[in-house]
Amino acid sequence: MLQNLKELQKEDLRKEVLALKADGYRFVTATCVDLGDGRFDIIYHFDKDYQLTNIRVTIASEEKVPSISDIYFAAVFVENEIKDLFGIEFENLLIDYEGKFMITEDLESPMRKKPVVKVKKGE
């Protein structure tokens, strides 16, 4: 279980991140998990005095997430990575590599779970 976890709606993300920055936290990274049901968890990790604080936002696959790259510039890289690997769009991303940060045009979101197709025996 993740310690120091705060769950937020995506509409509250930027306000919370601004408060963390004002309080002296640094942005560490963000992770994404495909929940397999059309939803994704994006977990943002922050540090202050060797104490991690985490924020989780759960979104549907077609939703856009507000970028925090104008608050913490380093988020440009992890948000582009999540965009490439999971196909999640970020609103107002400072530098948008348009899906070409880590992958080529031939590859579609390699970390996104594919729908399971059940085939009956003999078909």
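Residues numbered from 1 in each chain as written. Predicted model: local features only at pLDDT ≥ 70, side-chain atom pairs only at ≥ 80, totals over all residues. Heavy atoms only, no water.

If you check an unreviewed UniProt entry, the chain appears there as NADH dehydrogenase (Ubiquinone) 30 kDa subunit from Caldicellulosiruptor acetigenus.

Undergrad: How should I be thinking about the sheet that holds strand 3 (residues 39-48) in this particular structure?
TA: Two modes of strand pairing occur in sheets, parallel and antiparallel, and in both the strands are linked by backbone hydrogen bonds. The strand order across the open sheet formed by four strands is 1-4-3-2, and the pairing between neighbours is mixed. Edge positions in the sheet fall to strand 1 (5-8) and strand 2 (26-34), since each of these pairs with one other strand and no more. Mean inter-strand twist for the sheet, computed between neighbouring axes without regard to direction, equals 20 degrees. For strand 2 and strand 3, the ladder comprises eight bridges, and the chain directions are antiparallel. Across the sheet, aspartate 34 pairs through a bridge with phenylalanine 40, a residue of strand 3. (Pairing = 2+ DSSP bridges. Helix = DSSP H or I, 4+ residues; strand = E, 2+ residues; numbered from the N terminus. Axes fitted to C-alpha atoms, helices over the stretch in contact; angles between N-to-C directions.)

Undergrad: What am I meant to see in the confidence of the model for the chain here?
TA: The predicted coordinates of low-pLDDT regions are not to be read in fine detail. For the chain, mean pLDDT is 87; residues scoring 70 or higher make up 79% of the total. When pLDDT is averaged over each element of the chain, helix 1 (residues 13-22) comes out on top at 98 and helix 2 (residues 75-86) at the bottom at 93. (pLDDT = per-residue confidence, 0-100.)

Undergrad: Honestly, the packing of aromatic side chains in this entry has me stumped. Any pointers?
TA: Any aromatic ring pair is given by two values, namely how distant the centres are and how the planes are angled relative to each other. Per the stated rule, a full pass over the model turns up five aromatic pairs. Ring geometry for phenylalanine 46 versus tyrosine 72: centroids 5.8 Å apart, planes at 50 degrees, classification tilted. On the criterion of sequence distance, the pair formed by phenylalanine 46 in strand 3 and tyrosine 72 in the loop between strand 5 (64-66) and helix 2 is long-range, its members being 26 residues apart. Looking at phenylalanine 46, the relative accessible area reads 0%, which means it is buried. (Phe/Tyr/Trp six-rings, centres within 6.5 Å; stacked < 30°, edge-to-face > 60°. Buried < 20%, exposed > 50% of the residue type's maximum accessible area, 1.4 Å probe, protein only.)

Undergrad: I would appreciate a short explanation of the pairing of strand 4 (residues 51-60) in the present structure.
TA: Along any regular strand, the residues point their side chains to alternate faces of the sheet. Burial within strand 4 is extensive, with seven of its 10 residues counted as buried. Pairing of strand 1 with strand 4, which is carried by four bridges, proceeds in the parallel orientation. By the bridge assignment, glutamate 7 is partnered in strand 4 with arginine 56. Note that strand 3 and strand 4 share 10 bridges and pair antiparallel. Looking at strand 4, one finds that aspartate 41 is bridged to threonine 58. Counting the residues in the hairpin turn of strand 3 and strand 4 gives two residues, including aspartate 49, whose phi is positive at 55 degrees.

Undergrad: Whenever I open this one, unusual backbone geometry confuses me. Can you help?
TA: Trans peptide bonds make up the majority, and among non-glycine residues the majority have a negative phi. Phi is positive for asparagine 4, which is not a glycine, with a value near 50 degrees. As for its position among the elements, asparagine 4 is in the segment before strand 1. When its relative accessible area of 40% is taken as the criterion, asparagine 4 is described as partly exposed. You will see that tyrosine 50, though not glycine, has its phi angle at about 65 degrees, which is positive. Of note, tyrosine 50 is situated in the loop between strand 3 and strand 4.

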